Amino acid sequence: VDSLRNALSEVSPARRRLTAARMLMEADSLRDRYDFPGAVELLERASAYADSTQTDAMEEALALARNGLSMMNYCSSPTVVARQKFALEDFFLMYPMEDKAWRRSPNVLDSGADAISQAVFVPDSTRTVYFSAPDEDGTRNIYFTRKTGDTWSSPQLVNENITSTSDEIYPAVSPDGRTLYFASKGLYGMGGYDLYMSRWNRDTHDWEQPVNMGFPYSSPYDDFLFINSDDGRHSVFASNRDCEKDSVYIYVLEYDAMPLRHAVEEVRDLRMLSSLIPASDNTDIRRRMETGGSGPAPGKDVSAYMQKMTDVRALRDSIYQLNKELDEMRAQLTGLTP
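Since this is a predicted model, take the numbers as computed values, not measurements.

A few words on helix 4 (residues 55-71). With 17 residues, helix 4 should reach 24 Å at 1.5 Å per residue; the first-to-last C-alpha distance of 24 Å fits that figure. Every buried residue belonging to helix 4 is among M58, A61, L62, L64, A65, N67, G68 and M71, and all of these are buried. The elements touched by buried residues of helix 4 are helix 2 (13-32), helix 3 (36-46) and strand 12 (211-212).

This paragraph deals with the packing of helix 2 against helix 3. One way to put it is that helix 2 packs onto helix 3 with a least axis distance of 8 Å and a crossing angle of 165°. Relative to helix 3, the element helix 2 lies roughly antiparallel. Like other packed secondary-structure pairs, helix 2 and helix 3 cross with a definite hand, here left-handed. Along its contact with helix 2, which presents A20, M23, L24, E26, A27, L30 and R31, the element helix 3 presents F36, G38, A39, L42, L43, R45 and A46. Along the lines of polarity and charge, the residues of the contact of helix 2 with helix 3 split into ten nonpolar, one polar and three charged.

A word on unusual backbone geometry. At the junction of S105 and P106, the peptide bond is cis and its omega measures out at 0° in the coordinates. Following the sequence through the fold, P106 ends up in the loop between strand 2 (102-104) and strand 3 (119-121). With an omega of 5°, the peptide bond running from F215 to P216 counts as cis. With respect to the element layout, P216 can be found in the loop between strand 12 and strand 13 (223-228). For H205, which is not glycine, the phi dihedral falls at a positive 55°. Of note, L276 is a non-glycine position whose phi angle comes to about 50°, a positive value. As for its position among the elements, L276 is in the loop between helix 5 (267-275) and helix 6 (283-290). For L276, a relative accessible area of 3% gives the class buried.

Counting residues in hydrophobic clusters, the biggest one holds 36 residues, and the most contacted among them are F91, Y95, Y170, F224, L225 and F237. Residue assignment for this core shows that the elements contributing at least two residues are strand 1 (80-87), strand 8 (168-173), strand 9 (179-184), strand 10 (194-201), strand 13, strand 14 (234-239) and strand 15 (247-254). Looking at which element gives the most residues to this core, the answer is strand 15, with six residues. Apart from residues no more than four positions distant in its own chain, F224 is found in contact with L88, F91, Y95, I116, I169, Y170, A183, L195, F237, A238, S239 and V248. In this structure, L24, A39, V40 and A46 belong to the second largest nonpolar core, which totals 14 residues.

Cut-off values and rules
- Residues numbered from 1 in each chain as written.
- Predicted model: local features only at pLDDT ≥ 70, side-chain atom pairs only at ≥ 80, totals over all residues.
- Heavy atoms only, no water.
- Helix = DSSP H or I, 4+ residues; strand = E, 2+ residues; numbered from the N terminus.
- Expected span 1.5 Å × (residues − 1).
- Buried < 20%, exposed > 50% of the residue type's maximum accessible area, 1.4 Å probe, protein only.
- Contact = heavy atoms within 4.5 Å.
- Axes fitted to C-alpha atoms, helices over the stretch in contact; angles between N-to-C directions.
- Parallel < 35°, antiparallel > 145°, perpendicular 65-115°, else oblique.
- Left-handed = near helix turned anticlockwise from the far one by under 90°.
- Nonpolar A, V, L, I, M, F, W, Y, C, P; charged D, E, K, R; others polar.
- Core = buried A, V, L, I, M, F, W, Y, C linked by side-chain atoms within 4.5 Å.

So, in structure tokens, the structure goes:
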């Protein structure tokens, strides 16, 4: 330590700031490649070069890297059914959720959209809506409103457990109503939006402290809009890992009520786990991912799943149109004079 201090004393402040900035950028790059051990080691050295204007950024980056390093001990290995890339602007329309229920921002619940959070899910049959919206400072929080008769209550903040100094988006309640899933930038995580879950406490009648869902659901990138399908067979979420800025992957996994946690020690193995490549995809793709490559292509399961989604969506649209026509015919019949 004394040797390092003596060496630094001979370097100009401008040179130290530049060195710290370069090390910070390299650490961010290591974190993006899931090399949390390397990022922690580099940032601990970089702190000796940082001046007062760089301290906050250095501490935040170090906290994210240490979080990722810690979470390498609590990974799960879900079975990947399919994945497919979609445009960010309307990816949510490809989810297995009720059609005609998305409300794009801005709307009465959400006064404005950001690059990722662009819509609120409000099915006609629902009596409680959870949604994300910016507060007066522009930070997105999670609120809820309940319907009594034909009237919706004033929006209320969910609770302080699920509120941070940064954004929370895309809340979704499990079919049984006992688990709230959402994405946050401000809670314990490793960068970008991470996925979290909170259990409903029947004694306190409130949501408990949220837990980061960990690798491979969360990542150093943006991960959001996690749901479980109504039939209890699949879990679905979106992420911009391995994507261009205007695209996201939708991942379809087999539902696992109690995933087994295990440690992943090698960075290469963690990167491979987090790539979430379906088992049926080309083995060459898997080999490239193991060595740090990217650019996956959809396999047979992806195409089959997406075709099923298209068929289901077409049937839903047909049923919706038929019901609409029936309502119009009923209204006309009601107006006829006997």
